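# Structural features, examined
Chain residues, written in single-letter form:
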Amino acid sequence: MEQVALGTTGLMVNPAGLGCGGYSRLGMRDGGDASVAEGVIRKALDLGVNFFDTARAYGTEEVLGKTVQSCRDEVIISTKTMFQDREGNYMPAERLVASLERSLERMQTDRVEVFSFHGVTPEHLQHCLEVYVPVLQKEIEKGKIRHLGITESFMHDPTHEMLKTAIPSGAFDVVMVGFNFLNPCARDEVFPLCIKHGVATQIMHAVRRALSNEEVLLETVQQLIKSGEVSASGINADDPLDFLKSHRDIASVTQAAYRFCRHEPGVSVVLNGTGSQDHLVQNVAAIHEAGLPGDIQDRLLNVFGRVRSVSGD
Ligand SMILES: NC(=O)c1ccc[n+]([C@@H]2O[C@H](COP(=O)([O-])OP(=O)(O)OC[C@H]3O[C@@H](n4cnc5c(N)ncnc54)[C@H](OP(=O)(O)O)[C@@H]3O)[C@@H](O)[C@H]2O)c1
(Lines give C-alpha, C1' and ligand atoms only; values in the text may rest on other atoms or scores of the structure.)
Protein backbone atom coordinates (compact mmCIF):
# COMPACT_ATOMS: atom_id res chain seq x y z
CA MET A 1 0.00 0.00 0.00
CA GLU A 2 1.39 3.39 -1.02
CA GLN A 3 2.71 5.57 1.80
CA VAL A 4 3.55 9.28 1.86
CA ALA A 5 5.69 11.44 4.13
CA LEU A 6 3.82 13.16 6.97
CA GLY A 7 5.38 16.54 6.26
CA THR A 8 8.83 16.73 7.83
CA THR A 9 8.01 14.53 10.85
CA GLY A 10 9.93 11.56 9.42
CA LEU A 11 6.75 9.45 9.72
CA MET A 12 5.36 7.60 6.70
CA VAL A 13 1.61 7.25 6.42
CA ASN A 14 -1.02 5.67 4.28
CA PRO A 15 -2.70 8.78 2.77
CA ALA A 16 -6.05 7.25 3.70
CA GLY A 17 -6.48 7.97 7.42
CA LEU A 18 -9.35 6.90 9.67
CA GLY A 19 -11.21 9.70 11.45
CA CYS A 20 -12.66 8.41 14.72
CA GLY A 21 -14.95 11.41 15.29
CA GLY A 22 -17.16 13.50 12.99
CA TYR A 23 -20.83 12.55 12.56
CA SER A 24 -20.11 8.82 12.53
CA ARG A 25 -17.77 8.36 15.50
CA LEU A 26 -16.88 4.93 14.06
CA GLY A 27 -20.55 3.96 14.21
CA MET A 28 -20.92 4.83 17.91
CA ARG A 29 -22.94 7.99 17.31
CA ASP A 30 -26.35 6.36 17.00
CA GLY A 31 -25.97 4.08 19.97
CA GLY A 32 -23.69 1.66 18.10
CA ASP A 33 -21.56 -0.09 20.67
CA ALA A 34 -17.79 -0.32 20.81
CA SER A 35 -17.80 -3.64 18.88
CA VAL A 36 -18.96 -1.74 15.76
CA ALA A 37 -16.10 0.72 16.19
CA GLU A 38 -13.65 -2.11 16.81
CA GLY A 39 -14.77 -3.79 13.58
CA VAL A 40 -14.18 -0.58 11.59
CA ILE A 41 -10.72 -0.10 13.12
CA ARG A 42 -9.76 -3.75 12.44
CA LYS A 43 -10.94 -3.43 8.86
CA ALA A 44 -8.85 -0.27 8.49
CA LEU A 45 -5.77 -2.13 9.77
CA ASP A 46 -6.45 -4.96 7.28
CA LEU A 47 -6.58 -2.35 4.51
CA GLY A 48 -3.17 -0.98 5.51
CA VAL A 49 -4.43 2.20 7.22
CA ASN A 50 -1.86 3.33 9.79
CA PHE A 51 -3.06 6.86 10.70
CA PHE A 52 -5.91 7.26 13.20
CA ASP A 53 -7.30 10.59 14.37
CA THR A 54 -9.27 10.66 17.60
CA ALA A 55 -9.94 13.11 20.45
CA ARG A 56 -10.94 13.13 24.04
CA ALA A 57 -14.25 14.68 22.95
CA TYR A 58 -15.13 11.80 20.55
CA GLY A 59 -15.28 9.06 23.16
CA THR A 60 -13.36 6.71 20.84
CA GLU A 61 -9.88 6.82 22.39
CA GLU A 62 -10.49 3.75 24.51
CA VAL A 63 -11.64 1.49 21.68
CA LEU A 64 -8.89 2.77 19.41
CA GLY A 65 -6.15 2.12 21.95
CA LYS A 66 -7.47 -1.34 22.76
CA THR A 67 -7.83 -2.37 19.11
CA VAL A 68 -4.38 -1.23 17.96
CA GLN A 69 -2.56 -2.44 21.08
CA SER A 70 -1.00 -5.48 19.41
CA CYS A 71 0.40 -3.36 16.56
CA ARG A 72 0.94 -0.08 18.44
CA ASP A 73 4.41 0.55 17.00
CA GLU A 74 3.10 0.33 13.44
CA VAL A 75 0.34 2.92 13.82
CA ILE A 76 0.27 6.68 14.20
CA ILE A 77 -2.21 8.07 16.69
CA SER A 78 -3.36 11.66 16.59
CA THR A 79 -5.48 12.94 19.47
CA LYS A 80 -6.52 16.33 20.78
CA THR A 81 -7.28 18.39 23.84
CA MET A 82 -9.85 21.06 24.48
CA PHE A 83 -8.50 24.28 26.03
CA GLN A 84 -11.65 26.00 27.30
CA ASP A 85 -13.98 24.87 30.04
CA ARG A 86 -17.77 24.68 29.73
CA GLU A 87 -18.11 28.38 30.58
CA GLY A 88 -15.69 29.31 27.80
CA ASN A 89 -12.82 30.22 30.15
CA TYR A 90 -9.29 29.19 29.29
CA MET A 91 -8.18 26.13 31.22
CA PRO A 92 -4.95 26.38 33.18
CA ALA A 93 -2.08 24.78 31.23
CA GLU A 94 -1.81 21.95 33.79
CA ARG A 95 -5.27 20.79 32.78
CA LEU A 96 -4.08 20.28 29.20
CA VAL A 97 -1.22 18.13 30.53
CA ALA A 98 -3.75 16.20 32.65
CA SER A 99 -5.90 15.77 29.54
CA LEU A 100 -2.89 14.30 27.71
CA GLU A 101 -2.25 11.92 30.61
CA ARG A 102 -5.87 10.77 30.62
CA SER A 103 -5.81 10.23 26.84
CA LEU A 104 -2.68 8.09 27.22
CA GLU A 105 -4.35 6.09 30.00
CA ARG A 106 -7.52 5.55 27.98
CA MET A 107 -5.48 4.39 24.98
CA GLN A 108 -3.12 2.31 27.17
CA THR A 109 -0.11 3.84 25.52
CA ASP A 110 2.92 5.83 26.65
CA ARG A 111 2.94 8.42 23.86
CA VAL A 112 0.96 9.90 20.97
CA GLU A 113 2.52 10.77 17.66
CA VAL A 114 0.38 13.91 17.22
CA PHE A 115 -1.26 15.94 20.00
CA SER A 116 -3.38 18.85 18.83
CA PHE A 117 -5.39 21.76 20.16
CA HIS A 118 -8.99 21.00 19.16
CA GLY A 119 -11.01 23.38 16.98
CA VAL A 120 -9.08 26.61 17.47
CA THR A 121 -10.71 29.78 16.13
CA PRO A 122 -8.58 32.85 15.29
CA GLU A 123 -9.18 34.72 18.57
CA HIS A 124 -7.74 31.83 20.63
CA LEU A 125 -4.56 31.15 18.69
CA GLN A 126 -2.37 33.65 20.52
CA HIS A 127 -3.28 32.21 23.92
CA CYS A 128 -2.47 28.69 22.67
CA LEU A 129 0.89 29.87 21.34
CA GLU A 130 1.90 31.94 24.35
CA VAL A 131 0.54 29.91 27.26
CA TYR A 132 0.03 26.30 26.21
CA VAL A 133 2.68 25.54 23.59
CA PRO A 134 5.67 26.06 25.98
CA VAL A 135 4.06 23.71 28.52
CA LEU A 136 3.30 21.00 25.96
CA GLN A 137 6.82 21.28 24.56
CA LYS A 138 8.00 19.88 27.89
CA GLU A 139 5.81 16.82 27.22
CA ILE A 140 7.62 16.43 23.90
CA GLU A 141 10.92 16.42 25.79
CA LYS A 142 9.53 13.68 28.06
CA GLY A 143 8.59 11.62 24.97
CA LYS A 144 4.84 11.67 25.66
CA ILE A 145 4.10 13.71 22.53
CA ARG A 146 6.05 13.29 19.30
CA HIS A 147 4.60 16.23 17.37
CA LEU A 148 2.35 19.16 18.26
CA GLY A 149 -0.63 19.92 16.07
CA ILE A 150 -3.58 22.25 15.77
CA THR A 151 -7.02 21.78 14.23
CA GLU A 152 -9.22 24.54 12.90
CA SER A 153 -12.97 24.97 13.14
CA PHE A 154 -13.85 24.97 9.44
CA MET A 155 -17.51 25.85 10.09
CA HIS A 156 -16.56 29.03 11.98
CA ASP A 157 -13.44 29.84 9.99
CA PRO A 158 -14.07 28.80 6.37
CA THR A 159 -11.26 31.03 5.05
CA HIS A 160 -8.63 29.49 7.38
CA GLU A 161 -7.66 32.72 9.18
CA MET A 162 -6.32 30.81 12.21
CA LEU A 163 -4.08 28.52 10.16
CA LYS A 164 -2.65 31.42 8.16
CA THR A 165 -0.97 32.56 11.38
CA ALA A 166 -0.44 29.16 13.03
CA ILE A 167 1.51 27.58 10.19
CA PRO A 168 4.29 30.21 9.91
CA SER A 169 4.59 30.34 13.74
CA GLY A 170 6.74 27.20 13.62
CA ALA A 171 4.98 25.74 16.68
CA PHE A 172 3.14 22.96 14.84
CA ASP A 173 4.36 20.03 12.75
CA VAL A 174 0.85 18.94 11.73
CA VAL A 175 -2.32 20.93 11.07
CA MET A 176 -5.87 19.78 10.41
CA VAL A 177 -7.51 21.61 7.51
CA GLY A 178 -11.07 21.63 6.20
CA PHE A 179 -11.01 20.98 2.46
CA ASN A 180 -13.46 19.76 -0.17
CA PHE A 181 -14.46 20.76 -3.68
CA LEU A 182 -17.38 22.88 -2.42
CA ASN A 183 -14.91 25.21 -0.67
CA PRO A 184 -11.45 24.57 -2.05
CA CYS A 185 -9.86 27.82 -0.80
CA ALA A 186 -7.21 25.93 1.21
CA ARG A 187 -5.52 25.46 -2.18
CA ASP A 188 -4.61 29.15 -2.14
CA GLU A 189 -4.67 29.99 1.56
CA VAL A 190 -3.17 26.98 3.36
CA PHE A 191 -1.31 24.41 1.27
CA PRO A 192 1.35 26.75 -0.17
CA LEU A 193 2.19 27.83 3.41
CA CYS A 194 2.37 24.19 4.58
CA ILE A 195 4.74 23.31 1.74
CA LYS A 196 6.91 26.37 2.47
CA HIS A 197 7.12 25.62 6.22
CA GLY A 198 7.31 21.81 6.00
CA VAL A 199 4.04 21.34 7.89
CA ALA A 200 1.96 18.17 7.38
CA THR A 201 -1.81 18.27 6.82
CA GLN A 202 -4.70 16.09 7.91
CA ILE A 203 -7.77 16.79 5.78
CA MET A 204 -11.21 16.88 7.41
CA HIS A 205 -14.62 17.62 5.80
CA ALA A 206 -13.59 15.85 2.58
CA VAL A 207 -17.17 14.56 2.38
CA ARG A 208 -18.96 15.59 5.59
CA ARG A 209 -22.74 16.13 5.03
CA ALA A 210 -23.08 18.09 1.80
CA LEU A 211 -21.19 15.49 -0.22
CA SER A 212 -22.88 12.47 1.36
CA ASN A 213 -26.46 13.78 1.49
CA GLU A 214 -28.24 15.05 -1.65
CA GLU A 215 -30.63 17.34 0.27
CA VAL A 216 -27.81 19.10 2.11
CA LEU A 217 -25.95 19.50 -1.19
CA LEU A 218 -28.96 21.18 -2.82
CA GLU A 219 -29.38 23.54 0.16
CA THR A 220 -25.68 24.39 0.10
CA VAL A 221 -25.66 25.14 -3.62
CA GLN A 222 -28.79 27.31 -3.30
CA GLN A 223 -27.03 29.27 -0.56
CA LEU A 224 -23.94 29.71 -2.76
CA ILE A 225 -25.98 30.89 -5.74
CA LYS A 226 -27.70 33.41 -3.43
CA SER A 227 -24.37 34.68 -2.08
CA GLY A 228 -23.04 35.03 -5.64
CA GLU A 229 -20.13 32.64 -5.05
CA VAL A 230 -21.55 30.15 -7.57
CA SER A 231 -23.01 31.32 -10.85
CA ALA A 232 -26.51 29.98 -11.57
CA SER A 233 -25.70 29.89 -15.27
CA GLY A 234 -22.80 27.48 -14.76
CA ILE A 235 -24.75 24.79 -12.95
CA ASN A 236 -27.95 22.73 -12.96
CA ALA A 237 -29.47 23.90 -9.68
CA ASP A 238 -31.72 20.79 -9.48
CA ASP A 239 -28.81 18.39 -9.86
CA PRO A 240 -25.62 20.43 -9.32
CA LEU A 241 -23.17 17.54 -9.76
CA ASP A 242 -24.85 15.95 -12.81
CA PHE A 243 -21.70 16.43 -14.91
CA LEU A 244 -19.67 14.50 -12.35
CA LYS A 245 -22.17 11.70 -11.68
CA SER A 246 -22.54 10.91 -15.38
CA HIS A 247 -18.78 10.64 -16.03
CA ARG A 248 -17.71 7.09 -16.87
CA ASP A 249 -14.51 7.28 -14.74
CA ILE A 250 -16.29 8.37 -11.56
CA ALA A 251 -18.04 5.84 -9.32
CA SER A 252 -19.88 8.22 -6.98
CA VAL A 253 -19.88 11.72 -5.51
CA THR A 254 -18.03 10.50 -2.40
CA GLN A 255 -15.41 8.76 -4.52
CA ALA A 256 -14.86 11.98 -6.50
CA ALA A 257 -14.69 13.99 -3.26
CA TYR A 258 -11.87 11.85 -1.84
CA ARG A 259 -9.98 11.80 -5.16
CA PHE A 260 -10.23 15.59 -5.35
CA CYS A 261 -8.60 16.02 -1.92
CA ARG A 262 -5.94 13.36 -2.15
CA HIS A 263 -4.07 14.69 -5.14
CA GLU A 264 -3.77 18.32 -4.09
CA PRO A 265 -0.12 19.31 -3.45
CA GLY A 266 0.32 19.95 0.28
CA VAL A 267 -2.17 17.26 1.34
CA SER A 268 -0.67 14.50 3.53
CA VAL A 269 -3.51 12.40 5.02
CA VAL A 270 -7.15 12.45 3.95
CA LEU A 271 -9.36 11.41 6.87
CA ASN A 272 -12.51 9.46 6.22
CA GLY A 273 -15.06 9.20 8.98
CA THR A 274 -17.49 6.29 8.84
CA GLY A 275 -19.27 3.68 10.87
CA SER A 276 -19.57 1.36 7.90
CA GLN A 277 -16.94 -1.15 6.88
CA ASP A 278 -18.29 -1.10 3.31
CA HIS A 279 -17.91 2.68 3.15
CA LEU A 280 -14.41 2.38 4.59
CA VAL A 281 -13.38 -0.07 1.85
CA GLN A 282 -14.77 2.29 -0.82
CA ASN A 283 -13.13 5.34 0.74
CA VAL A 284 -9.66 3.81 1.09
CA ALA A 285 -9.87 2.62 -2.53
CA ALA A 286 -11.00 6.12 -3.64
CA ILE A 287 -8.08 7.79 -1.86
CA HIS A 288 -5.71 5.44 -3.68
CA GLU A 289 -7.38 6.05 -7.08
CA ALA A 290 -5.86 8.37 -9.68
CA GLY A 291 -6.75 12.07 -9.58
CA LEU A 292 -10.00 13.23 -11.15
CA PRO A 293 -10.22 13.42 -14.95
CA GLY A 294 -8.86 16.84 -16.00
CA ASP A 295 -12.18 18.09 -17.44
CA ILE A 296 -13.98 17.29 -14.16
CA GLN A 297 -11.28 18.89 -12.00
CA ASP A 298 -11.43 22.04 -14.16
CA ARG A 299 -15.22 22.16 -14.08
CA LEU A 300 -15.35 21.78 -10.28
CA LEU A 301 -12.87 24.60 -9.85
CA ASN A 302 -14.74 26.69 -12.38
CA VAL A 303 -18.03 26.26 -10.52
CA PHE A 304 -16.83 26.30 -6.88
CA GLY A 305 -13.38 27.92 -7.09
CA ARG A 306 -14.56 31.27 -5.66
CA VAL A 307 -16.42 29.82 -2.67
CA ARG A 308 -15.22 31.08 0.71
CA SER A 309 -18.30 30.87 2.95
CA VAL A 310 -19.24 27.21 3.52
CA SER A 311 -17.60 24.15 5.06
CA GLY A 312 -19.69 21.49 3.34
CA ASP A 313 -21.30 20.55 6.63
N1 LIG B 1 -11.87 20.37 14.33
C2 LIG B 1 -11.60 19.08 14.35
O3 LIG B 1 -10.68 18.67 15.02
C4 LIG B 1 -12.41 18.12 13.51
C5 LIG B 1 -13.66 18.48 13.01
C6 LIG B 1 -14.31 17.58 12.18
C7 LIG B 1 -13.74 16.34 11.86
N8 LIG B 1 -12.51 16.02 12.38
C9 LIG B 1 -11.85 14.74 12.05
O10 LIG B 1 -12.05 14.47 10.68
C11 LIG B 1 -12.60 13.16 10.54
C12 LIG B 1 -13.44 13.12 9.28
O13 LIG B 1 -14.75 13.54 9.59
P14 LIG B 1 -15.71 14.53 8.86
O15 LIG B 1 -16.70 14.88 9.90
O16 LIG B 1 -14.96 15.60 8.20
O17 LIG B 1 -16.49 13.68 7.90
P18 LIG B 1 -16.19 12.93 6.56
O19 LIG B 1 -15.31 11.81 6.83
O20 LIG B 1 -15.85 13.93 5.54
O21 LIG B 1 -17.68 12.41 6.23
C22 LIG B 1 -18.36 11.62 7.07
C23 LIG B 1 -19.83 11.43 6.61
O24 LIG B 1 -19.88 10.86 5.31
C25 LIG B 1 -20.51 9.57 5.37
N26 LIG B 1 -19.74 8.68 4.48
C27 LIG B 1 -18.44 8.32 4.62
N28 LIG B 1 -18.09 7.51 3.59
C29 LIG B 1 -19.18 7.36 2.80
C30 LIG B 1 -19.42 6.64 1.59
N31 LIG B 1 -18.48 5.90 1.00
N32 LIG B 1 -20.66 6.72 1.04
C33 LIG B 1 -21.63 7.46 1.62
N34 LIG B 1 -21.46 8.16 2.77
C35 LIG B 1 -20.25 8.11 3.36
C36 LIG B 1 -20.45 9.14 6.83
O37 LIG B 1 -21.54 8.30 7.18
P38 LIG B 1 -21.36 6.72 7.41
O39 LIG B 1 -20.97 6.51 8.81
O40 LIG B 1 -22.74 6.22 7.10
O41 LIG B 1 -20.36 6.21 6.44
C42 LIG B 1 -20.52 10.48 7.55
O43 LIG B 1 -21.86 10.90 7.69
C44 LIG B 1 -13.35 12.93 11.86
O45 LIG B 1 -13.59 11.58 12.13
C46 LIG B 1 -12.38 13.55 12.83
O47 LIG B 1 -11.33 12.63 13.11
C48 LIG B 1 -11.85 16.89 13.20
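Residues numbered from 1 in each chain as written. Predicted model: local features only at pLDDT ≥ 70, side-chain atom pairs only at ≥ 80, totals over all residues. Heavy atoms only, no water.

### A closer look at the overall build of the protein
When its secondary structure is counted, the protein shows 12 helices and 10 strands. Computed over the C-alpha atoms, the radius of gyration of the protein is 19 Å, within 12% of the 20 Å expected from 2.2 N^0.38 for a compact globule of 313 residues. Expressed as a percentage of its 313 residues, the buried residues of the protein come to 53%. Taking contacts inside the protein between residues at least 6 apart in sequence as the whole, the part at least 24 apart equals 76%. (Helix = DSSP H or I, 4+ residues; strand = E, 2+ residues; numbered from the N terminus. Rg over C-alpha atoms; globule rule 2.2 N^0.38 Å. Buried < 20%, exposed > 50% of the residue type's maximum accessible area, 1.4 Å probe, protein only. Contact = heavy atoms within 4.5 Å.)

### Topic: a positive patch on the surface
Together, Arg56, Arg86, Arg95 and Arg102 make up a positively charged patch on the protein surface. Here Arg95 is to be found in helix H3 (residues 93-107). (Patch = residues over 30% accessible without salt bridge, like charges linked within 9 Å, V, L, I, M, F, W, Y side chains within 5 Å. Areas by Shrake-Rupley, 256 points an atom, 1.4 Å probe, with all protein chains shown as cover. Salt bridge = Lys/Arg side-chain N within 4 Å of Asp/Glu carboxyl O. Lys, Arg positive; Asp, Glu negative; His and termini not counted. Charge placed at Lys NZ, Arg CZ, Asp CG, Glu CD.)

### Some thoughts on the packing of H3 against helix H4 (residues 125-141)
Two elements in contact, H3 and H4, have axes whose closest approach is 9 Å; the angle formed by their N-to-C orientations is 40°. By the angle between their directions, the pair H3 and H4 is classed as oblique. For the pair H3 and H4, the crossing hand works out as right-handed. Residues Ala93, Leu96, Val97, Leu100 and Glu101 of H3 touch H4, and the partners they reach there are Val131, Tyr132, Val135, Leu136 and Glu139. (Axes fitted to C-alpha atoms, helices over the stretch in contact; angles between N-to-C directions. Parallel < 35°, antiparallel > 145°, perpendicular 65-115°, else oblique. Left-handed = near helix turned anticlockwise from the far one by under 90°.)

### Some words on the site of the ligand
Residues in contact with the ligand amount to 28 residues; listed here are only the nearest, Ser24, Asp53, His205, Arg208 and Thr274. Within the side chain of Thr151, one N or O atom sits 2.9 Å away from an oxygen atom of the ligand. The contact in question runs from an oxygen atom of the ligand to an N or O atom on the backbone of His205, over 2.6 Å. Sorting the residues of the shell around the ligand by element identifies strand E7 (145-152), helix H10 (253-262), strand E10 (269-273) and helix H11 (277-287) as the ones contributing at least two each. Tallied by class, residues from the shell around the ligand come to 8 nonpolar, 16 polar and 4 charged. (Near = heavy atom within 4 Å. Polar contact = N/O pair within 3.5 Å; in protein donor to acceptor, adjacent residues only side chain to side chain. Nonpolar A, V, L, I, M, F, W, Y, C, P; charged D, E, K, R; others polar.)

### Some remarks on the nonpolar core
Within the largest apolar cluster, 88 residues are counted, with the highest numbers of intra-cluster contacts made by Phe172 and Phe304. Not counting chain neighbours up to four residues away, the residues in contact with Phe172 comprise Phe117, Leu125, Leu129, Val133, Leu148, Gly149, Ile150, Ala166 and Val199. Of all hydrophobic cores here, the second largest spans 13 residues; its members include Val13, Ile76, Phe154 and Leu271. (Core = buried A, V, L, I, M, F, W, Y, C linked by side-chain atoms within 4.5 Å.)

### Focus: the sheet that holds E7
Within a sheet, neighbouring strands are paired by backbone hydrogen bonds and run either parallel or antiparallel to one another. One closed barrel holds the 8 strands; their spatial order is E3-E4-E5-E6-E7-E8-E9-E10, and the pairing between them is parallel. Here the strands of the sheet are splayed against their neighbours by 30° on average, with no regard to which way each runs. Here strand E4 (residues 51-53) pairs with strand E5 (residues 76-81) via 3 bridges, running parallel. The partner of Phe52 across the bridge, within E5, is Ile77. Sheet strands touched by H4: strand E6 (112-120) and E7. Its angle to E7, the strand with the most contacts, is close to 160°. (Pairing = 2+ DSSP bridges.)

This is a description of form; function is not addressed.
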